[in-house]
Amino acid sequence: MTNTEALLFNPATYDPQHFDAETRRLLKATIEWFESRGKRQLLADDHNAVFTADFLEFVAKEKLFATFLTPAAYADGDENRRWDAARNAALSEIFGFYGLAYWYAEQVTILGLGPIWQSDNEAAKRRAAADLADGQVMAFALSEQSHGADIYNTDMVLTPTEPGSADAEAGILFRANGAKYYIGNGNVASMVSVFSRRGDIEGADGYIWFAADSRHENYHLIDNVVNEQMYVSTFRLENYPVRAEGILHAGPEAFSAALNTVNVGKFNLCHGGIGMVEHSFYEAITHANNRVLYGKLVTDFPHVRGNFVDAYSRIVAMKLFSDRAVDYFRTASLDDRRYLLFNPMTKSKVTSEGEVVMTLLLDVLAAKGFEKNTYFNEVQRLINTLPRLEGTVHVNVGQILKFLPNYLFNPKDYPEVGTRQDAADDEFFWRQGPARGAGRVQFADWNPVYQKHSDVANVARFYEQATALRELMATAAPGEAQQQDLDFMLTIGHLFSLVVYGQLILEQAAITGLDRDVLDQIFDFQIRDFNAHATTLYGKASATAAQREWAVAALRTPAVDRERFDRVWAQVASYDGAYEMRP
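Throughout, residues of each chain are indexed from 1 in the direction in which the sequence is written. Given that the model is predicted, a residue must reach a pLDDT of at least 70 before its local features are reported, and side-chain atom pairs must reach 80 or more before they are shown or counted; all residues, however, enter totals for whole chains, interfaces and linings. Here the side-chain values reflect all heavy atoms present in the structure, with hydrogen atoms and water set aside.

The chain appears in an unreviewed UniProt entry as Acyl-CoA dehydrogenase from Nocardia amikacinitolerans. UniProt positions are given in the numbering used here, feature names are shortened, and annotations may be inferred rather than shown by experiment. We quote the UniProt Cofactor (unreviewed entry) comment for the chain here in full: "FAD".

Next up, the structure:
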C-alpha cells in the first residue's frame with residue numbers, strides 16, 4: 001500500500017495534526033496573515049523593496065518568534081515555548097511559500113540567537129527571551145566587506161579600557177570599533193551578536209562574541225547593501241561600550257560558537273527553498289495546463305510533461321530528504337553527530353535542487369515567468385540566493401567530503417532513528433561541543449535501505465552506481481595532488497552527495513508510504529545526475545586512466561516505463577487549480 005495523497009504543501013488544506021494545538025494555531029494564523037494581505041500587496045511590497053515591518057508587527061502580536069525560538073529553559077513558564085526543529089521546519093516552509101523576505105527575518109534572528117543560547121551568560125539569555133516576547137528580532141554580525149564570513153579574520157577590534165578610567169568605573173570592559181557587512185536585521189535588532197577580536201591578544205585566544213543593540217547611539221547604521229525587502233545591513237560601531245553582561249564567548253570557544261550557530265541556521269534554508277518552489281509549481285502547472293499553443297494544450301507537448309514530472313519529482317525528493325534530516329538533527333548527541341553530514345546536505349544539495357526545479361519550470365513558462373504579477377517571478381529572481389547563503393555550495397560540499405571515508409567504508413551500529421515530530425525541546429543545539437572531529441563521525445550502514453528498495457527498478461540501478469562509487473574510492477581514489485585540487489574533489493563530493501541524498505529519501509519514503517511510481521521517478525533523475533557528474537569526472541584534465549575507465553563503466557540508463565511516467569504526470573496535472581493565493 002502506498003500513499004498517493006497530495007504531496008505538496010497547500011495552504012487551503014493544510015492541517016498539521018501531528019503538532020500540538022498552539023503550534024497548529026500559530027502556523028494557521030501565519031498562513032491567514034499572508035492570505036489576508038493578498039497576492040497583489042505581497043508582490044507590490046516585493047517590487048518596491050518595502051521592509052517587512054508589518055510582518056514583524058504580526059510576529060510581535062502573536063509572539064511567534066518567542067514561541068518557536070525560545071528554549072524551554074527560558075520560556076518563563078510558557079509550556080508552548082521551545083526550540084523544536086520539526087515545527088521550525090514547517091514554519092520555514094510557510095515563510096518560503098509566501099516570500100523569502102519573511103523567511104529571512106526569522107533566519108537571521110535564528111543566527112543572532114545562536115551565540116546567545118550557546119553562551120553561559122544567563123543575563124544575556126534572559127534578555128533575549130524577554131526581547132523575543134516583546135516582539136524584537138536579532139542579528140548575527142560575523143561577515144565583513146573585506147573578509148566575507150572568514151571566521152579567522154575580523155577587523156572589529158575591542159580595545160580594553162584602562163584600569164581606573166571613567167569607563168572602567170562605569171563597568172565598561174572594552175570599546176568596540178569596526179564595521180560589519182551583509183548583516184540581516186541589522187537595522188532593527190535589539191541584540192546583534194557581534195564577532196570581534198581583542199586588540200591586545202593575538203590569535204584565537206583574542207576572539208570575542210558580544211551583544212550590541214542597533215538602537216544604541218554608538219551603533220551607526222550605514223545602508224542596506226541589497227535592493228530587496230530584506231534589510232541586509234552594513235553598520236559601524238564607534239567606541240561602542242562592551243560590558244561583562246554583553247560578552248557571550250571568549251577565546252577558541254567563540255570559534256566553535258560561530259560554526260555551531262551556522263549549523264543550526266543553515267538547516268532552515270532547505271525548507272524555505274521548498275516553500276518557494278512549491279508555490280511556483282502551483283502557478284506553473286495551472287498556467288501551462290490551461291494554455292493553448294498551435295492548437296494544443298501546452299502540457300500535451302512531451303518535453304513540457306517531461307519538465308513538469310522532473311520538477312515535481314525533485315520537489316518531492318527535496319521534502320523527503322529534508323523532513324528525514326529533521327529526525328537526525330533532533331536525535332543528535334555528542335555520541336551521534338551524523339547531523340553534521342546531513343546539515344550541509346540540506347543547505348547545498350536541497351537548495352541547489354530548488355534552482356534546478358525553477359529552471360525546469362521557467363523553460364516551460366518562458367516569458368510568463370518574468371511577469372510582475374506572478375509569485376514565480378519573485379522566486380526565479382531569488383532562488384539562487386539560498387545555495388549561496390551560510391557558505392557557498394563549494395564550502396558545504398567541501399564539508400561533506402570529510403565524511404566520505406567513514407560513510408562508505410566504516411559503518412557503526414546505531415539505535416534506529418524514528419520520526420521526530422514530538423513536542424520536545426531540542427536543547428542539544430546549544431551544546432554541540434567543539435567544532436572539530438568531523439572525520440571521526442561514523443554512520444549506520446547505508447546499504448540495507450538501498451537493498452530493501454531494490455525491487456524498484458531505478459533504485460536498483462542507482463544502487464549499482466552507489467556501490468561503484470565505493471569501488472572507485474577503494475581502487476582508484478584521488479591521489480595526493482588531486483586531493484589538493486578542489487575543482488576535482490568537488491566532483492567527487494557531488495557524486496557522494498547523491499548517495500547520501502538517496503539514503504534519506506528512501507528512509508522517508510518507507511516512513512510515509514510514498515507512492516512507488518514517484519519513488520521510481522525520483523531515482524530516474526538520481527541516475528541521470530550521477531551520470532552527469534561521472535561524465536564531468538571523465539573530462540577532468542587531472543583524471544587518471546583508471547578514473548576515466550570507472551566513469552564510463554558507472555554510467556547507467558534509467559529504467560523507462562511509459563505507464564509509470566503517465567501515472568506521475570496525472571499526479572502533476574491534479575495540482576492544476578488546486579491552490580491560488582487570494583488576490
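Read on for the rest.
Salt bridges are defined by distance alone: a side-chain nitrogen of Lys or Arg within 4 Å of a carboxyl oxygen of Asp or Glu. Applying the stated rule across the entire model yields 47 salt bridges. Note that Lys125 is salt-bridged to Glu122, the shortest N-O span being 3.4 Å. Within this pair, Lys125 and its partner Glu122 are both found in helix H7 (residues 122-133), separated by 3 residues, close to a single helical turn. Buried residues are those whose accessible area, probed at 1.4 Å on protein chains only, stays under 20% of the maximum for their type, while exposed residues exceed 50% and partly exposed ones sit between those limits. Look at Glu122 and you get partly exposed, because its relative accessible area is 35%. For Glu278, the salt bridge identified is with Lys319, shortest N-O distance 2.9 Å. Placement of Glu278 in helix H10 (residues 268-288) and of Lys319 in helix H11 (residues 302-331) is noted, with a sequence separation of 41 residues between them. A single salt-bridge network, built from bridges that share partners, covers Asp310, Arg314, Lys349, Glu353, Asp520, Asp524, Arg528, Asp529 and Arg564. What counts as a helix is a DSSP run of H or I of at least four residues, what counts as a strand is a run of E of at least two, and both are numbered from the N terminus.

In plain words, nonpolar cores are sets of buried Ala, Val, Leu, Ile, Met, Phe, Trp, Tyr and Cys residues tied together by side-chain atoms within 4.5 Å. Counting 176 residues, the largest nonpolar core has Phe55 and Phe308 as its most contacted members. For this core, the element with the most residues is H11, which contributes 15 residues. The next biggest cluster of nonpolar side chains, apart from the first, holds 19 residues, and it includes Phe174, Leu237, Val242 and Ile247.

The subject of this paragraph is helix H5 (residues 85-98). Helix span is expected to be 1.5 Å times the residue number reduced by one. Helix length check: H5, at 14 residues, gives a terminal C-alpha distance of 20 Å against a target of 20 Å (1.5 Å per residue), a fit within 8%. When you tally the buried positions in H5, you get 14 out of 14 residues, the bulk of the element. If you check the start of H5, you find a side-chain oxygen 3.0 Å away from the backbone N of Ala86, and it comes from Asp84. The term polar contact refers here to a pair of N or O atoms within 3.5 Å; inside protein, the definition further demands a hydrogen-donor-capable atom paired with an acceptor-capable atom, and it admits residues adjacent in sequence only when both atoms are side-chain atoms.

Two residues of an α-helix separated by three or four positions point the same way, owing to the 3.6 residues in each turn. Counted at 1.5 Å a residue, the expected span for helix H12 (residues 339-365) with its 27 residues is 39 Å, and the 37 Å between its end C-alpha atoms agrees. A residue's bend is given by the angle between axes fitted to the 7 residues ending at it and the 7 residues starting at it. Of all the bends in H12, the largest measures some 35 degrees and sits at Thr346. Of all 27 residues that make up H12, 23 are buried, and the element is covered over most of its length. Residue Ala366 follows H12 closely and has a positive phi angle near 55 degrees.

At Asp76, a position not held by glycine, the phi torsion is positive, near 55 degrees. With respect to the helices, strands and loops of the structure, Asp76 is situated in the loop between helix H4 (64-69) and H5. Located in the positive-phi region is Asn185, a residue other than glycine, with phi close to 65 degrees. Along the polypeptide, Asn185 turns up in the loop between strand E3 (172-184) and strand E4 (191-198).

Before going further, it helps to spend a moment on the packing of helix H6 (residues 100-118) against H7. Each axis is a line fitted through C-alpha atoms, and for a helix only the stretch in contact is used; angles between axes span 0 to 180 degrees, taken between their N-to-C directions. Following both chains from N to C, one finds H6 and H7 inclined at 155 degrees, their axes separated by 9 Å at the closest point. By the angle between their axes, H6 is roughly antiparallel relative to H7. Where H6 crosses over H7, the two elements pack in a sense that is left-handed. For the pair H6 and H7, the contacting residues are Thr109, Leu113, Ile116 and Trp117 in the first and Ala124, Lys125, Ala128, Ala129 and Leu132 in the second. Polar here means any residue other than Ala, Val, Leu, Ile, Met, Phe, Trp, Tyr, Cys and Pro, which are nonpolar, and Asp, Glu, Lys and Arg, which are charged; Gly is therefore polar. Looking at the contact of H6 with H7 residue by residue, the class counts come to 7 nonpolar, 1 polar and 1 charged. Note that the term roughly parallel is reserved for angles under 35 degrees, roughly antiparallel for angles over 145, roughly perpendicular for angles of 65 to 115, and oblique for everything else. Working rule for handedness: look at the near helix, and if it is turned counterclockwise from the far one by less than a right angle, call the crossing left-handed; if clockwise, right-handed. Whether two residues are in contact is decided by their heavy atoms: any pair within 4.5 Å suffices.

Within the secondary structure, Glu378 is located in helix H13 (residues 375-382). The charge count includes Lys and Arg as positive and Asp and Glu as negative, but it does not include His or the ends of the chains. Despite its burial, Glu378 pairs with no opposite charge, the nearest such side chain being Arg381 at 5.6 Å. Those residues in contact with Glu378 that lie beyond four places of it in its chain are Leu43, Asp46, Gly99 and Leu100.

Attention now moves to the packing of H10 against H11. Two elements in contact, H10 and H11, have axes whose closest approach is 10 Å; the angle formed by their N-to-C orientations is 155 degrees. Judged by the angle between their axes, H10 and H11 are roughly antiparallel. In this structure, H10 meets H11 at a crossing whose hand is left-handed. On H11, the residues touching Cys270, His271, Gly273, Ile274, Val277, Glu278, Phe281, Ala284, Ile285 and Ala288 of H10 are Phe308, Tyr312, Ile315, Met318, Lys319, Ser322, Asp323 and Val326. Here the contact of H10 with H11 is composed, by residue class, of 12 nonpolar, 3 polar and 3 charged.

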